Amino acid sequence: MNVSIQILSGALILSIAGGVIAYNMTQTHYNAIITELQTEIASSTEALNALTYEKTELIQKVAEKEQDIVALDKKYKRADQKADDLKKIIETDKELLQKYSKVFFLNENYTPEKLESIPFKFVSNPEKTLEFHAEALNFLEDMLNDALDDDITLKVLSAYRSFDTQSALKTSYKVTYGAGTANAFSADQGYSEHQLGTTVDLTTTLMGASLSTSFENTDAFKWLTEHAYRYGFILSYPKGNTYYQYEPWHWRFVGKDLARKLNKENKNFYDLDQRDINEYLGEIFD
């Protein structure tokens, strides 16, 4: 709407949308009206400014509340994650990351929660059934398959061994090699990592059933030292260890995170404090 106001000869001329309305008004009256209008405008402006300030405050408070909500959400997520981690630790077999080999005794009644047969294509003697921890088997298969992709053929010579199997094997070693020699490379029953179901003795087609330190001279061993940690496997008894003789064929699954840590820091599993090792228990199968 187009509105204009003019003062002509003491009269107020008000034009609205092209029409003209004339009012007789003195200058005093005109000034009073103008003053009143200015007061109302000032009051409205003040009210508008107050509303704008309140709006800004509300926007700020909403933003702060949103930040509080985001912070609480992160806090709850961290709490949920900690609860999940704790649950995983509680539910995961505590024995899987214990240090054995003359250090910790494994009960004669202990068996892994679930064992599965290793596919025959990976077994050195396909007529023999070898079992491995069900939760770790896919890591073993991935490692052996990827080795094949790199033209490295690895075969599993031995995997899970029960307490009784260990006892019989140790007795046969003593008969064959003598007690002193047998004790140097073979764990007593209950002290072997093989009872966990997460350990394998690896060989090649050429070496067959022979367990010899000459395995370290093979391309297979070189491949393992470069890649096994990526699948969660570590060499249990490297050169210079104080538990058993050097066993380049003996590889144990400890989970990818712990294996990567050991590789990065160039440390051996048995060199770590058990408390530090236990921190990786909950994520062993991740």
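In this text, all values refer to a predicted model and were calculated from it rather than measured experimentally.

## Focus on the nonpolar core
So, step 1. The biggest cluster of nonpolar side chains holds 54 residues, and the ones touching the most others in it are Ile118, Phe132, Met143, Leu154 and Phe233.
So, step 2. Secondary-structure elements contributing two or more residues to this core are α2 (137-149), β7 (199-203), α5 (219-227), β8 (233-235), β9 (250-253) and α6 (256-265).
So, step 3. Top element by residues in this core is α2. It accounts for six residues.

## Things to note about the pattern of salt bridges
So, step 1. Within this structure, the stated rule accounts for eight salt bridges.
So, step 2. The partner of lysine 261 in a salt bridge is glutamate 265, with the nearest N and O atoms 3.1 Å apart. With a gap of four residues between them, lysine 261 and glutamate 265 both fall in helix α6, about one helical turn apart.
So, step 3. A salt bridge links lysine 267 to glutamate 265, with the shortest nitrogen-to-oxygen separation between them at 3.4 Å.
So, step 4. Since its relative accessible area comes to 41%, lysine 267 is described here as partly exposed.
So, step 5. Residues joined by salt bridges that share partners form a network here, namely Lys261, Glu265 and Lys267.

## Remarks on a nonpolar patch on the surface
So, step 1. On the surface, a nonpolar cluster with roughly 260 Å² of combined accessible area is contributed by Ile33, Leu37 and Ile41.
So, step 2. Following the sequence through the fold, isoleucine 41 ends up in helix α1 (residues 27-91).

## Some remarks on unusual backbone geometry
So, step 1. The backbone of aspartate 151 sits at a positive phi, close to 65°, despite the residue not being glycine.
So, step 2. Tracing the sequence through the fold places aspartate 151 in the loop between α2 and β6 (155-158).
So, step 3. Residue aspartate 151 is classed as exposed on the basis of its relative accessible area, which comes to 70%.
So, step 4. Within the chain, asparagine 266 stands out as a residue other than glycine whose phi angle is a positive 55°.
So, step 5. With respect to the element layout, asparagine 266 can be found in the loop between α6 and α7 (274-278).

## Details of the side chain of histidine 250
So, step 1. Here histidine 250 is to be found in strand β9.
So, step 2. Under the relative-accessibility criterion, histidine 250 is labelled buried at 3%.

## Digging into the pairing of β9
So, step 1. Taking every second residue as pointing to the same face, both faces of β9 are buried, with His250 and Arg252 on one and Trp251 and Phe253 on the other.
So, step 2. Relative to β9, β8 runs antiparallel, the two being bridged by three bridges. Considered in β9, the bridge of phenylalanine 233 is made with phenylalanine 253.

## Here's the deal with the sheet that holds β8
So, step 1. The four strands lie next to each other as β6-β7-β9-β8, forming an open sheet whose pairing is antiparallel. Across the chains shown, the open sheet's two edge strands, defined by having one partner strand only, are β6 and β8. Pairs of neighbouring strands in the sheet enclose a mean axial angle of 45°, with direction left out of account.
So, step 2. Pairing analysis gives three bridges linking β6 to β7, with the strands arranged antiparallel. By the bridge assignment, serine 158 is partnered in β7 with aspartate 201.

## Examining α5
So, step 1. Taken as a whole, α5 has its buried residues at Ala220, Phe221, Trp223, Leu224 and His227. End-on, the buried residues of α5 take up no more than an arc of 160°, which puts them together on one face. Along α5, the residues that are exposed and aim more than 90 degrees away from the buried face are Asp219 and Lys222.

## Quick word on the packing of aromatic side chains
So, step 1. Across all of its chains, the model carries nine aromatic pairs by this definition.
So, step 2. Pairwise contacts between aromatic rings join Phe132, Phe139, Phe233, Phe253 and Phe285 into one cluster.

## Focus on α6
So, step 1. Those residues of α6 not exposed but buried are Leu258, Ala259 and Leu262. One side of α6 holds all its buried residues, which, seen down the axis, span an arc of 100°.
So, step 2. At its buried positions, α6 is contacted by β8 and α7.

## Here we look at the side chain of glutamine 98
So, step 1. Residue position: glutamine 98 is located in the loop between α1 and β4 (115-117).
So, step 2. A residue is classified by how much of its surface remains accessible, and glutamine 98, at 13% relative accessible area, is buried.
So, step 3. When residues no more than four places from it in sequence are discounted, the contact partners of glutamine 98 are Phe104, Arg252, Phe269, Gln274 and Asn278.

## As for the environment of histidine 227
So, step 1. Here histidine 227 is to be found in helix α5.
So, step 2. On a C-alpha basis, the gap between histidine 227 and aspartate 146 in space is 9.5 Å, while along the polypeptide they are 81 residues apart.
So, step 3. Within the structure, the side chain of histidine 227 is placed 2.9 Å from the side chain of arginine 230, a separation counted as a polar contact.

Analysis parameters
- Residues numbered from 1 in each chain as written.
- Predicted model: local features only at pLDDT ≥ 70, side-chain atom pairs only at ≥ 80, totals over all residues.
- Heavy atoms only, no water.
- Core = buried A, V, L, I, M, F, W, Y, C linked by side-chain atoms within 4.5 Å.
- Buried < 20%, exposed > 50% of the residue type's maximum accessible area, 1.4 Å probe, protein only.
- Helix = DSSP H or I, 4+ residues; strand = E, 2+ residues; numbered from the N terminus.
- Salt bridge = Lys/Arg side-chain N within 4 Å of Asp/Glu carboxyl O.
- Patch = residues over 30% accessible without salt bridge, like charges linked within 9 Å, V, L, I, M, F, W, Y side chains within 5 Å.
- Areas by Shrake-Rupley, 256 points an atom, 1.4 Å probe, with all protein chains shown as cover.
- Pairing = 2+ DSSP bridges.
- Axes fitted to C-alpha atoms, helices over the stretch in contact; angles between N-to-C directions.
- Arc of directions from axis to C-beta.
- Phe/Tyr/Trp six-rings, centres within 6.5 Å; stacked < 30°, edge-to-face > 60°.
- Contact = heavy atoms within 4.5 Å.
- Polar contact = N/O pair within 3.5 Å; in protein donor to acceptor, adjacent residues only side chain to side chain.

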